[in-house]
Amino acid sequence: MAKKALLSIDGQDPIELPILAGTEGPEVIDVSSLTGKGYFTFDPGFVSTASCESEITYIDGNAGILLHRGYPIDQLAEKASFLEVCYLLLHGELPNATQKAHFDRTITLHTMVHEQLRVFFNGFRRDAHPMAIMTGVVGALSAFYHDSLDINDARHREISAHRLIAKMPTLAAMSYKYSLGQPFMYPRNDLNYAENFLYMMFGNPAEDYVVNPVIARAMDRIFTLHADHEQNASTSTVRLAGSTGANPFACIASGIAALWGPSHGGANEAVLNMLDEIGDVSRVGEFVKKAKDKNDPFRLMGFGHRVYKNYDPRAKVMKETCDEVLAELGVGDDPQLKLAMELERIALEDEYFVEKKLYPNVDFYSGIILKAIGIPVNMFTVIFATGRTPGWIAHWNEMISGSYKIGRPRQLYLGKSARDIRPLAER
Ligand code: CMC
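Residues numbered from 1 in each chain as written. Predicted model: local features only at pLDDT ≥ 70, side-chain atom pairs only at ≥ 80, totals over all residues. Heavy atoms only, no water.

## Regarding the overall build of the protein
From N to C terminus, the protein includes 17 helices and six strands. Along the three orthogonal principal directions, the C-alpha set of the protein runs to about 75 × 65 × 60 Å. Buried positions account for 46% of the 427 residues belonging to the protein. By sequence separation, contacts in the protein at least 24 residues apart represent 70% of the contacts at least 6 residues apart. Counting only carbon and sulfur atoms, one obtains 52% of the accessible surface of the protein, whose full area is about 21700 Å². (Helix = DSSP H or I, 4+ residues; strand = E, 2+ residues; numbered from the N terminus. Buried < 20%, exposed > 50% of the residue type's maximum accessible area, 1.4 Å probe, protein only. Contact = heavy atoms within 4.5 Å. Areas by Shrake-Rupley, 256 points an atom, 1.4 Å probe, with all protein chains shown as cover.)

## Let's talk about the site of the ligand
Contacts to the ligand come from 22 residues, most closely from His264, Lys294, Arg299, Leu300 and Gly302. In this structure, His305 approaches the ligand through a side-chain N or O atom, which is 3.3 Å from an oxygen atom. At 3.0 Å from an oxygen atom of the ligand is found a side-chain nitrogen or oxygen belonging to Asn361. Across the complex, the protein chains shield 77% of the 940 Å² of accessible surface that the ligand would expose by itself. Here the residues of the shell around the ligand sort into nine nonpolar, six polar and seven charged. (Near = heavy atom within 4 Å. Polar contact = N/O pair within 3.5 Å; in protein donor to acceptor, adjacent residues only side chain to side chain. Nonpolar A, V, L, I, M, F, W, Y, C, P; charged D, E, K, R; others polar.)

## Concerning a negative patch on the surface
Side chains of Asp74, Glu78, Glu320 and Asp323 sit close together on the surface and give a patch of like negative charge. Counting only elements with at least two residues in the negative patch, the list comes to α1 (73-79) and α13 (313-329). As for its position among the elements, Glu320 is in helix α13. (Patch = residues over 30% accessible without salt bridge, like charges linked within 9 Å, V, L, I, M, F, W, Y side chains within 5 Å. Salt bridge = Lys/Arg side-chain N within 4 Å of Asp/Glu carboxyl O. Lys, Arg positive; Asp, Glu negative; His and termini not counted. Charge placed at Lys NZ, Arg CZ, Asp CG, Glu CD.)

## Some remarks on the environment of Val137
Its location among the elements puts Val137 in helix α5 (residues 130-140). Residues Val137 and Glu195 lie 58 residues apart in sequence; the distance between their C-alpha atoms is 23 Å. Once residues lying within four places of it in the same chain are set aside, the contact partners of Val137 are Leu117, Phe120, Phe121, Phe124 and Leu171.

## Some words on the sheet that holds strand β5 (residues 65-68)
Pairing within the open sheet is antiparallel, and its three strands lie in the order β4-β5-β6. Unpaired on one side and paired on the other, β4 (57-60) and β6 (71-72) mark the two borders of the sheet. Pairing geometry for β4 and β5, over four bridges, is antiparallel. Bridge pairing links Thr57 to His68 in β5. (Pairing = 2+ DSSP bridges.)

## Here's the deal with the sheet that holds strand β3 (residues 28-29)
Here we have three strands laid out as an open sheet, ordered β1-β2-β3, and antiparallel in their pairing. Edge positions in the sheet fall to β1 (4-7) and β3, since each of these pairs with one other strand and no more. Across four bridges, the pairing between β1 and strand β2 (residues 15-20) is antiparallel. Pairing of Leu7 across the sheet is with Ile15, part of β2.

As structure tokens, this is what we get:
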């Protein structure tokens, strides 16, 4: 027999609410009929609310588990490339060799952007934050690719997905080159996804740039570890924007905007800014104390997570990659990196952090790796956005290809009750 919850309000006949079971995770009480009975539910921050059905990603925050289409993230990071993970998120299965070759080639053939987009960059100040540029230019793609904007056509949705995944690294590198005043680098079809990104970031037309394979592998892992994370703030933003029927480029631009905040994708940038502020290993104790002080808004950036109340499984892989990169580049004794490691050590032992289950998250280590690679701090969130693009687009596509309603939460209104306007002279 189907399970039900009974909601009893003030002794009235109980309201029956169906209980739904997923393939994994807690059961879900379906409250969608409550509005017909004159009630809304109240759940600020959506901490107890499942906003949709999804088959893409599963997280068990208490156990520290993250699965994409059933595959654990550590296996994917170890055994699959970022483009294989993109394929998996979009299609539900890992590609076979023929499908992989075809997908890799398709993405490669879409890496260039419309030449007119280069001019678009000139409208920005040279010191513009690259996330500001990305929000603008990704949204602007909808003005360039009219031939793939019919959201009800599965082939159009697929072409838009390929375009977005392929063009994000190109636009990301362009936003960096623009800030330096260096020429934009065209993508190279003989390089893989991560290599091409590094080439467009660090190459210049005046001399050859040889991509270091250890760094390219680390970059690919950083993209993979950010590829999707269930219904997080930016993905929910993409779904909400998509539920209005907005085009995919506009939806992804809204995701980029939501990702920018320091509580979400901006945390990797905030980690490095925090390390700068701490300045020296001798001040770690002082800052840990500030983070624990209820009257001080300071938080340790890169620690804690809404869902993980255990070690973030992405952080485990990221820490290994961090060790590999630091060894390859021989920068293990960099004072800021030493400071980061001391902060990690103290926080992992501190009673406050242990009790509240505040572990280092993915952004703590990704910030350190990116810094070691030579990526400027203000580009960190852009790299997160590049990695998250397949997740955003997979969720958007899942929603659009199924049945969906426009997203429209309600509220607990605490404002004035209805009243009449008094004439100006009497106010
Ligand atoms: N430093 C110090 N105290 C903290 C921290 C922190 N980083 N994070 C949470 N707390 C405390 C918080 O003060 C609260 O204490 P109390 O129960 O005494 O009021 C308790 O832990 C629970 O915190 P919360 O804010 O209710 O938890 P949340 O689930 O709403 O917030 C979070 C999650 C990620 C926003 C938060 O942990 C945070 O601000 N962390 C720092 C920013 C950061 O690293 N964000 C990246 C998240 S991972 C990347 C991504 O997926 O986007």
